[in-house]
Amino acid sequence: MTDKREQYDSRLEKIDEQICGLINKRKSIASKSSFPSPQLITSWSTKYDLYEDFLDGLFHHLLHEDLFKPYPDPKGFRKNIPILKSYERDNLFFTVTFVRQYENASIVNLTLDKEPLEENAKILHEFTFLELSIENNGVEYDCRDIGGGGSDGHMSHTYTVSPPLPDDMSAVKFLFKEYKEPFQREPTGIEFVIAVAE
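Thresholds applied
- Residues numbered from 1 in each chain as written.
- Predicted model: local features only at pLDDT ≥ 70, side-chain atom pairs only at ≥ 80, totals over all residues.
- Heavy atoms only, no water.
- Salt bridge = Lys/Arg side-chain N within 4 Å of Asp/Glu carboxyl O.
- Helix = DSSP H or I, 4+ residues; strand = E, 2+ residues; numbered from the N terminus.
- Core = buried A, V, L, I, M, F, W, Y, C linked by side-chain atoms within 4.5 Å.
- Buried < 20%, exposed > 50% of the residue type's maximum accessible area, 1.4 Å probe, protein only.
- Patch = residues over 30% accessible without salt bridge, like charges linked within 9 Å, V, L, I, M, F, W, Y side chains within 5 Å.
- Areas by Shrake-Rupley, 256 points an atom, 1.4 Å probe, with all protein chains shown as cover.
- Pairing = 2+ DSSP bridges.
- Axes fitted to C-alpha atoms, helices over the stretch in contact; angles between N-to-C directions.
- Phe/Tyr/Trp six-rings, centres within 6.5 Å; stacked < 30°, edge-to-face > 60°.
- Contact = heavy atoms within 4.5 Å.

Q: Got a minute to help me understand the pattern of salt bridges in this structure?
A: Close approach of charged atoms lets side chains of opposite charge pair. Across all of its chains, the model carries 5 salt bridges by this definition. Note that R11 and D9 form a salt bridge whose closest N and O atoms lie 2.6 Å from each other. The residue E191 makes a salt bridge to K177 at a minimum N-O spacing of 3.9 Å. Of this pair, E191 sits in strand β8 (residues 187-195) while K177 sits in strand β7 (residues 173-179), and the two are 14 residues apart along the sequence.

Q: Would you take a moment to explain the nonpolar core for this structure?
A: When a protein is soluble and globular, its nonpolar side chains tend to lie buried together. If you look at the biggest cluster of nonpolar residues, it comprises 26 residues, and the most contacted ones within it are V108, L132, I134, L165, M169, F174 and F176. Within the residue set of this core, elements represented by two or more residues are β1 (77-89), β2 (92-102), β3 (106-114), β4 (129-135), β6 (154-162), β7 and β8.

Q: Please explain a nonpolar patch on the surface as it appears in this structure.
A: A surface patch of nonpolar side chains, amounting to about 430 Å² of accessible area, comprises Y8, L12, I15, I19 and I23. Mapped onto the fold, I19 is located in helix α1 (residues 13-29). For I19, a relative accessible area of 41% puts it in the partly exposed group.

Q: Help me understand the sheet that holds β7, please; the structure alone is not making it clear to me.
A: Here we have 3 strands laid out as an open sheet, ordered β4-β7-β8, and antiparallel in their pairing. Strand pairing shows two members of the sheet lacking a second neighbour, β4 and β8, which therefore form its edges. With direction set aside, neighbouring strand axes in the sheet form an average angle of 20°. Summarising the sheet, β4 and β7 pair through 7 bridges and their orientation is antiparallel. The residue bridging L130 from the neighbouring strand is E178, located in β7.

Q: I keep staring at unusual backbone geometry and nothing clicks. Help me out?
A: Of all residues except glycine, most have a negative phi; of all peptide bonds, most are trans. A cis amide bond, omega -5°, links S162 with the succeeding residue P163. Of note, L84 is a non-glycine position whose phi angle comes to about 50°, a positive value. Topologically, L84 is positioned in strand β1. Taking relative accessible area as the criterion, L84 reaches 62% and is therefore assigned exposed. The phi torsion at N137 lies on the positive side, around 50°, for a residue other than glycine.

Q: Quick question: what am I supposed to make of the packing of aromatic side chains here?
A: The relative placement of two aromatic rings is captured by the distance of their centres and the angle of their planes. Scanning all chains against the criterion turns up 8 aromatic pairs. Each ring, one from F77 and one from Y102, has its centre 5.7 Å from the other, and the planes form 70°; the classification is edge-to-face. With F77 in strand β1 and Y102 in strand β2, this pair connects stretches of sequence that are 25 residues apart. Looking at Y102, the relative accessible area reads 17%, which means it is buried. Between Y87 and F192, the ring centres sit 4.6 Å apart and the planes meet at 0°, which makes this aromatic pair stacked. One end of the pair, Y87, is in strand β1; the other, F192, is in strand β8, with 105 residues separating them in the sequence.

Q: I'm lost on the environment of I107 in this one. Help?
A: Within the fold, I107 resides in strand β3. Judged by relative accessible area, which is 7%, I107 ranks as buried. Residues I107 and P74 lie 33 residues apart in sequence; the distance between their C-alpha atoms is 8.1 Å. Among residues more than four places away in sequence, those in contact with I107 are P74, F98, V99, R100, Y102, I146, T158, Y159 and T160.

Put into structure tokens, the structure is as follows:
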């Protein structure tokens, strides 16, 4: 199979560099909710002879550049640190169970348990997306949801955190915010903090 980069038309180089420059300029002034209206998408689609779905996808990618940020593959397992701190709301019980420590990252495990509302209920909690951020003495952490799942009344989420969390987590707070869909940024209203020291 031929590498597409080998077929690159050098006449595009200046245009492509301008596109990169415009993306960078947009990034410097855009907020996380800077998505064009459907009317603008339709107008630009007609004006520039581009498919609306293509433009919609393009702006979704621009809005979520952080999804393409390389994250470390955890290496050099060191130890597990039990946390077992919980937050309860209505019929939902969230627990940060433990943190798995690696040399270059940490893995945070969150579980969600719910008692069925009906005896034969199959769907106990609509599958949503919980975003994790961390407070710890001003240190900045990158957190990525790397998977989740469950059955019956139990669900779990796993997050990669880099740089790795300290072994002494007394100052660490796990902040969770729930969204209906990934990338859409529509919060459900569920937000909570689990502080290790409490």
